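Analysis of the macromolecular model
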Amino acid sequence: TPTQADIDRVPSGLDVPVVVSVLQIDQSTTTKSVTGHIAVTQSPSVGVVLSATGSPVRAGDTVTFTATGSNVGTVSLSAPSVTTGSPGVSLPTWSNCPSAAFAPGTTVSCSVVYTVTQADVDHGSVTATVTASASDPAHAVVSSSASSTQVAIPVTATAAVISVSTSPLSPA
């Protein structure tokens, strides 16, 4: 049975030695060594889902964005990274992405803290868009489709009451 390491290492398939023993009618055994070939299809693929936590109401509040990359292919991937593609939203560098390889069916997460600007408050929301990428066993870069999430910033109305009196003050 091929292991994940075998699939990652050999893009075209595996040659597996097989020893075949045949019991003859005369009760003698004939042994023959043959090589079998197991076809291996390497299909590197990565996906990403972006989420956000935080309830900003004013400039200076923060939102934490988390990008969860999934290895949805058949080979291990390494060096995951996240790229921001958000017009008008400049997220800090995603510096906490793990660099170790991750096997098919597993995920890695990276997060970044974003400080809400007055322009975000005026707009009423912060929308972030990211893509994920990683390297396959042959060191080719594989990229995901984009994922977006939006964080609403509620509009808060404030009112001020100013009282102006035009009558002179009378002595008490």
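Just so we're clear, the structure is a prediction, and the values are computed from it rather than from any experiment.

So, about the environment of S21. Mapped onto the elements of the fold, S21 is located in strand β1 (residues 13-23). Each C-alpha atom, one on S21 and one on T31, is 4.3 Å from the other, the two residues being 10 residues apart in sequence. If near-sequence neighbours (up to four positions away) are discounted, S21 is found in contact with T29, T30 and T31.

Located in the positive-phi region is Q27, a residue other than glycine, with phi close to 70 degrees. Position of Q27 among the secondary structure elements: in the loop between β1 and β2 (29-39). The exposed category is assigned to Q27, whose relative accessible area is 59%. With phi around 70 degrees, H139 is a residue other than glycine that occupies positive phi space. Tracing the chain through its elements places H139 in the loop between β7 (125-135) and β8 (141-143).

A word on the pairing of strand β9 (residues 147-152). Of the two faces of β9, only the one carrying S147, T149 and V151 is buried; S148, Q150 and A152 on the other face are not. The sheet contact formed by β7 and β9 spans six bridges and is antiparallel. When the sheet's bridge partners are listed, T129 is paired in β9 with S148.

On to the side chain of T149, then. Relative to the helices and strands, T149 resides in strand β9. In this structure T149 touches L50, S51, A52, F65, V126, T127 and A128, once residues within four positions along its chain are discounted.

Taken in spatial order, the three strands make up an open sheet running β3-β4-β6, and their pairing is antiparallel. Strands with a single pairing partner mark the edges of an open sheet, and in this sheet they are β3 (46-53) and β6 (107-115). On average, each strand axis in the sheet is inclined to that of its neighbour by 20 degrees, with strand direction left out of account.

On to a nonpolar patch on the surface. On the surface, V18, V20, V22 and V34 cluster together into a nonpolar patch covering about 250 Å² of accessible area. Among the elements that make up the nonpolar patch, the one with the highest residue count is β1 (three residues). Along the chain, V34 falls in strand β2.

Formed by 26 residues in total, the largest nonpolar core has its most connected members in L50, F65, A67, V82, L91, W94 and V130. Of all the elements in the fold, those that place two or more residues in this core are β3, β4 (62-71), β6 and β7.

Okay, the confidence of the model for the protein next. Summarising the model, the protein shows a mean pLDDT of 82, and 84% of its residues fall at 70 or more. Highest mean pLDDT in the protein belongs to β8 (94); lowest belongs to helix α1 (residues 4-9) (75).

Here we come to the side chain of S133. Looking at the secondary structure, you find S133 in strand β7. Among all residues touching S133, those that are not within four sequence positions of it are V46, A79, P80, S81, V141, V142 and S143.

Scanning the entire structure with this criterion turns up one cavity of 30 Å³ or more. Estimates place the volume of the largest cavity at around 60 Å³. As for the largest cavity, its lining consists of 14 residues, of which G69, P80, S81, V108 and A132 are closest to the centre.

The next subject is the environment of S144. On the secondary structure map, S144 appears in the loop between β8 and β9. Judged by its relative accessible area of 11%, S144 falls in the buried class. Each C-alpha atom of the pair S144 and V48 lies 6.4 Å from the other, and the pair is 96 residues apart in sequence. Discounting residues that sit within four places of it in the chain, S144 has contacts with V46, G47, V48, T131 and A132.

Parameters and conventions
Residues numbered from 1 in each chain as written. Predicted model: local features only at pLDDT ≥ 70, side-chain atom pairs only at ≥ 80, totals over all residues. Heavy atoms only, no water. Helix = DSSP H or I, 4+ residues; strand = E, 2+ residues; numbered from the N terminus. Contact = heavy atoms within 4.5 Å. Buried < 20%, exposed > 50% of the residue type's maximum accessible area, 1.4 Å probe, protein only. Pairing = 2+ DSSP bridges. Axes fitted to C-alpha atoms, helices over the stretch in contact; angles between N-to-C directions. Patch = residues over 30% accessible without salt bridge, like charges linked within 9 Å, V, L, I, M, F, W, Y side chains within 5 Å. Areas by Shrake-Rupley, 256 points an atom, 1.4 Å probe, with all protein chains shown as cover. Salt bridge = Lys/Arg side-chain N within 4 Å of Asp/Glu carboxyl O. Core = buried A, V, L, I, M, F, W, Y, C linked by side-chain atoms within 4.5 Å. pLDDT = per-residue confidence, 0-100. 1 Å grid on protein atoms, 1.4 Å probe; cavity = no way out; pocket = protein on both sides within 12 Å on 5 of 7 lines; lining within 4 Å. Points joined across faces, edges and corners; volume = space filled by probe spheres on them.

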